[in-house]
Amino acid sequence: IVQADEAARAAQKAVVMMLRFTAKAVPSVSFLNRWAQTLEDMPDVVAYVKNQGLDFAMPYSINGVEKRYYPDFIVRMRVEAEPVNVVLEVSGQQLKEKAAKVTTAQPLWVPAVNNHEAFGRWAFAEITDPWNAESAIRAAAGAAAGVGLS
């Protein structure tokens, strides 16, 4: 079960880290840099940060064992007048553990932090197709803000 307070603490930490990392840059060279370049090329991305060493985590359970999920990126999108924070997971293979993480983030964590209302609007996007990344990220942000983006 996702506690609203735990979601709020994680969201607060992410907002603070994004404010510190307003420059769009990811220093390490890896597969994730391809995704970072996609974010660089999107004019509606205000800021993003690779979730490495930030300790931004969401609780989830698999087979009755409590674990912590560390998504790949946190992205701040400009959507009309209100920014939307998108938790971004880049997926290569579909694994059982990955499914458990996604099914916790999307229907549980995001509504909990949005209902708290202290940390802005949040969304979640799992990207499995690099050719569809921009539209998937924009769709998640638009749905969180209640508007359609393309």
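Residues numbered from 1 in each chain as written. Predicted model: local features only at pLDDT ≥ 70, side-chain atom pairs only at ≥ 80, totals over all residues. Heavy atoms only, no water.

With respect to the pairing of strand β1 (residues 45-50)
Note the cut-off: In this scheme, a residue with accessible area under 20% of its type's maximum is buried, one over 50% is exposed, and one in between is partly exposed, where area comes from a 1.4 Å probe on protein chains only. Each helix is a run of H or I in the DSSP string that is no shorter than four residues. Each strand is a run of E no shorter than two, and both are numbered from the N terminus. Any two strands are treated as partners once DSSP identifies two or more bridges connecting them.
The buried fraction of β1 is high, at five of six residues. In this structure, β1 lies alongside strand β4 (residues 73-79), joined through five bridges in antiparallel fashion. Bridge pairing in β4 places K50 opposite F73.

Digging into the nonpolar core
Heads up, the condition is: By nonpolar core we mean a set of buried residues, namely Ala, Val, Leu, Ile, Met, Phe, Trp, Tyr and Cys, connected to one another through side-chain atoms within 4.5 Å.
Core analysis: the largest hydrophobic core is formed by 22 residues, its most contacted members being L39, F73, V75, M77, V86 and L88. Elements that contribute at least two residues to this core include exactly α2 (31-40), β1, β4, β5 (82-90), β6 (121-127) and α4 (133-145). The element contributing the most residues to this core is α4, with five residues. In terms of nonpolar packing, the next biggest core, distinct from the first, is built from 18 residues, A105, V113, F119 and W122 among them.

Describing the pattern of salt bridges
Test applied: Salt bridges are identified by distance alone: a Lys or Arg side-chain nitrogen within 4 Å of an Asp or Glu carboxyl oxygen.
Inspection of the entire model under this criterion finds two salt bridges. The residue D44 makes a salt bridge to R138 at a minimum N-O spacing of 2.7 Å. Here R138 lies in helix α4 and D44 lies in the loop between α2 and β1, a separation of 94 residues in the sequence. Residue class for D44 comes out buried when judged on its relative accessible area of 14%. The shortest N-O distance in the salt bridge between E134 and R138 comes to 3.0 Å. Note that E134 and R138 are positioned in helix α4 at a spacing of four residues, about one turn of the helix. Connected through salt bridges with shared partners, the residues D44, E134 and R138 form a single ionic network.

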